[in-house]
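Each chain, written out:
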Amino acid sequence: MEFRILGPLEVQSRDRTLVLGGFKQRAVLGKLLLRANQVVATSELLDALWSQESRPVTARKIIQNAVSGLRAALSRPHSLLEVPGASAPELLTRSPGYMLHVAPDTLDVSRFDRRVAEGRKLLDAGEPALAAELLREALDEWRGPVLSDLVEQGLDWPEVARLRQLRLDAMEYRFEAELACGRHHAVLGELVSLVESEPLRERLCGQLMLALYRCGRQAEALSVFSRVRLELVEEYGLEPSRDLQTLQQHILHHHPSLAAPAGAPAEVAQVTQVTDVPRPAPAGLPPAPSRAALQPAAAPVAVIGPPDPGVLVEEEPREERVPGDGAPTSRRQEVSVLLIQTGTPADDPLDAEQLNAALHRAVTVVAECIEEHGGTVVGSVGHLSAALFGLRDDPSSASLDAVRAALAVRDRFGDVPDLAVRSVVTTGGVLVRHVPGAPGGGVSVVGALLDTTQHLLSDVPPGKVYVSRKAAVGTDSHVRYLRVPGKAGAVSDVREACAVHPQGLPAGALGGVPGGVPSGLPSGVAGGIPGSLPGGMPFPREHELDILNSLLAHSRHHRVPYLLTVLGEPGSGKSRLLAEFENRVTRSPGGVLVLRPSAPASGAASLHSLAGALLDAWREFSSIPPDTSQGELLMRLVRGTVGSGPMADRLLRDLLVPNRPLPSMHPRHVMNSWAELLSLRARQQPLVLCLDNLHLASDAVLDWVEELATTADNAALLIVACARPELLGKRPLWGVGQRSTSTLSLTRLSEPPGLPLQAVSGGDA
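Residues numbered from 1 in each chain as written. Predicted model: local features only at pLDDT ≥ 70, side-chain atom pairs only at ≥ 80, totals over all residues. Heavy atoms only, no water.

*Asks:* Any chance you could explain unusual backbone geometry here in plain terms?
*Replies:* Peptide bonds are trans in most cases, and residues, glycine excluded, mostly fall at negative phi. The omega torsion of the bond from serine 95 to proline 96 falls at 10 degrees, within 30 degrees of zero and hence cis. Considering the arrangement of structural elements, one finds proline 96 in the loop between β5 (90-94) and β6 (97-101). A positive phi is found at leucine 147, a non-glycine position, where the angle reads about 45 degrees. Inspection of the secondary structure assignment puts leucine 147 in the loop between α5 (128-139) and α6 (148-151). In this structure, asparagine 714 takes a positive phi of about 55 degrees despite not being glycine. Within the fold, asparagine 714 resides in the loop between α22 (699-711) and β19 (717-723). (Helix = DSSP H or I, 4+ residues; strand = E, 2+ residues; numbered from the N terminus.)

Encoded structure:
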């Protein structure tokens, strides 16, 4: 049995998580685990759960009941392989309270403490590489803030605050070890985000200053010191410590002791040491130029600091330097700038630790996408990341690579609920300035283009990629664009990049870009684009498709289920809309699972028929051979969703309905298991469930759909249900009073000139 308190409270017994009961019972267990193998007085438990004013008369009885429930839960065998009493924890009564006896290796905080102690010993012994590895393992024990589920409900104990500080201490020791190994680039992003949340931890600030200096960003390193000193003086009337002041002086004078250790291994993240691995270009795009064909580059680079709008870049090719007197040299060059901002939604703010973790993930993902598309990450401070494309001799594909990288970042963050991403790509001339003798052989880039990019970023909505006109014109044969309405003060002629075209799309087949179709038409209008009709006619429901896409993005971003009911008379295009939405979603990147079970053309759809249709829809989406048995098909679906274990076995038992179901296998029981399976699947990947002809469904099916839309928890699930208005005759309150439901009414389409109405509406839909 394993206990976890470095995050939400969990108790694992082999392959399952124990149910720990209500809040009071979990709180008692959390307090006992914080003081594991020590006696905790009953009075301490009372103070931990209630204030003196709110303590009920039966408080001691509540504690006794909680202890009794915990004893039953911890002593019960939870697996056939588990021997009762073998190495089981013991909850003992010891005056003046209780003691929970657990083996140290079964408690995550004990493993954390042990590894931190071992890592510190190795660090003191001059083994920073081994120390860093052990300290990383220690920090990996953390799954979030200590006892976050209990703290969320108002509990905040001294032991929790102590563990927070121990984690910060461990992170500082790990940063010290990483810096001693010369891995300043690898830890820079983490240091920036952590210092933002802990601005007065002087040791942490000193580590950030050292990392910035070694990355060639001397001005930013000094600005960190200035900010810390200002806050200390204004808040406490104190000067920074002697160590921090000494570090500042060493940075000012380029003291040799600040240099990275000699012989430190090259970092994978270092922008000038990228392995020359060929990058296969997406279908229809020209291959990216080989890195081997580019000029060799030396160590990365210099510094910018406010108010200079420059962006850091890597060092110029050696043969272009001007030898001799060491005077600065400059040259004009055309580059593409990619600016990416990550942030938390305004309606869903994160606490400091969650924000740090989210920003760290964001920095890693952004760097991977940029490097994958041939760019150079030149700065990452807080929520903002900057990259340059085209610094080398062949800048012809710079704009395209930058747009591809921005779209890749957007798609990678599509499933991340706690971050909103916005990006800008611009192309133009800048001044590349080399300053000999600066740390790292510094190079800075300055120019109006950088101000333009930063100004444009402020107008970008979350989840969008804006591209300047010049960059869009250079890539319009490979990227689908939409015009962005202009407004006062905004950069003119801006485009929104939507997606990379599939293979075979003719050049110029774009909406909203010169050389494409007229800007007044919807985006999917050219021959060869998904959604166009015979003869190049646009799909007549582009506005409704935009609504569907927005609801899918809402469900993905907030991890909530959403039910959209599409109502319309026969001939209004409901089925065609559903088919077009399914087609576009399955073809676009993002890994969305689309299930569209077949619906009866007449007669009521029952729960039994819906279960079979769901399984057939899964078979079709996954391209599983039709001769695959029902058992094998369900096995793949369940194992791929929940793995193996008791939950998987239970779901398989419920879903594997024989040809002649047993009396106990009520259709509702089977569909409840389907609802659970779909909810679990939607937690792993966004899921769209398309249901047609819902007005023909039985009351049991309608109940099931409504319950699925309200009970799926933390799931990116969009249910699109098409029906005739008769549905409201059967269910006048359909969707009323539910939080995430809406109705879209379609009117009958008129016949476009030269095109039969049947081709537009998709039949009697």
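Now that the structure is up, let's keep going.
*Asks:* What's the story with the nonpolar core in this structure? I'm lost.
*Replies:* Where a protein is soluble and globular, its nonpolar side chains tend to be buried together. Within the largest apolar cluster, 81 residues are counted, with the highest numbers of intra-cluster contacts made by Ile5, Ile63 and Trp157. Per-element accounting of this core gives the leading share, 9 residues, to helix α7 (residues 158-180). Look past the residues within four positions of tryptophan 157 in its chain and what remains in contact with it is Ala27, Gly30, Lys31, Leu34, Ala48, Leu147 and Leu150. Grouped together as the second largest cluster of nonpolar side chains are 45 residues, Ala611, Val705, Ala709 and Trp734 included. (Core = buried A, V, L, I, M, F, W, Y, C linked by side-chain atoms within 4.5 Å. Buried < 20%, exposed > 50% of the residue type's maximum accessible area, 1.4 Å probe, protein only. Contact = heavy atoms within 4.5 Å.)

*Asks:* Help me understand the packing of helix α10 (residues 218-236) against helix α11 (residues 242-252), please; the structure alone is not making it clear to me.
*Replies:* For any two helices packed against each other, the geometry comes down to the angle between their axes and how far apart the axes lie. Here α10 crosses α11 at 155 degrees, and the two axes come no closer than 10 Å. Classified by the angle between their axes, α10 and α11 sit roughly antiparallel to one another. Handedness of the crossing formed by α10 with α11: left-handed. Contacts between α10 and α11 pair Gln218, Ala221, Leu222, Phe225 and Val228 from the former with Leu244, Gln245, Gln248, Ile251 and Leu252 from the latter. (Axes fitted to C-alpha atoms, helices over the stretch in contact; angles between N-to-C directions. Parallel < 35°, antiparallel > 145°, perpendicular 65-115°, else oblique. Left-handed = near helix turned anticlockwise from the far one by under 90°.)

*Asks:* Quick question: what am I supposed to make of the pattern of salt bridges here?
*Replies:* Proximity of charged atoms lets side chains of opposite charge pair with each other. Across all of its chains, the model carries 39 salt bridges by this definition. We note a salt bridge from aspartate 411 to arginine 410, for which the minimum N-O separation is 3.1 Å. The partner of arginine 731 in a salt bridge is glutamate 706, and the shortest N-O contact between them spans 3.4 Å. Of the two residues, arginine 731 is situated in the loop between α23 (726-730) and β20 (741-746) and glutamate 706 in helix α22; the sequence distance between them amounts to 25 residues. A single network of salt bridges, built from pairs that share partners, joins Glu2, Arg4, Glu10, Arg111, Arg115, Glu137, Glu141 and Arg143. (Salt bridge = Lys/Arg side-chain N within 4 Å of Asp/Glu carboxyl O.)

*Asks:* So what exactly am I meant to see when it comes to the sheet that holds strand β4 (residues 39-41) here?
*Replies:* Backbone hydrogen bonds are what pair the strands of a sheet, in a parallel or an antiparallel way. The sheet built from 3 strands is open, its strands ordered β4-β6-β5 with antiparallel pairing. Where the open sheet ends on each side, the last strands, each with one partner, are β4 and β5. Adjacent strand axes in the sheet meet at a mean angle of 30 degrees when their direction is disregarded. Judged from the 5 bridges that link them, β5 and β6 form a sheet pairing that is antiparallel. Looking across to β6, one finds that threonine 93 is bridged to tyrosine 98. Packing against the sheet, helix α1 (residues 23-34) makes contact with β4, β5 and β6, and its axis sits at approximately 70 degrees to β6. (Pairing = 2+ DSSP bridges.)

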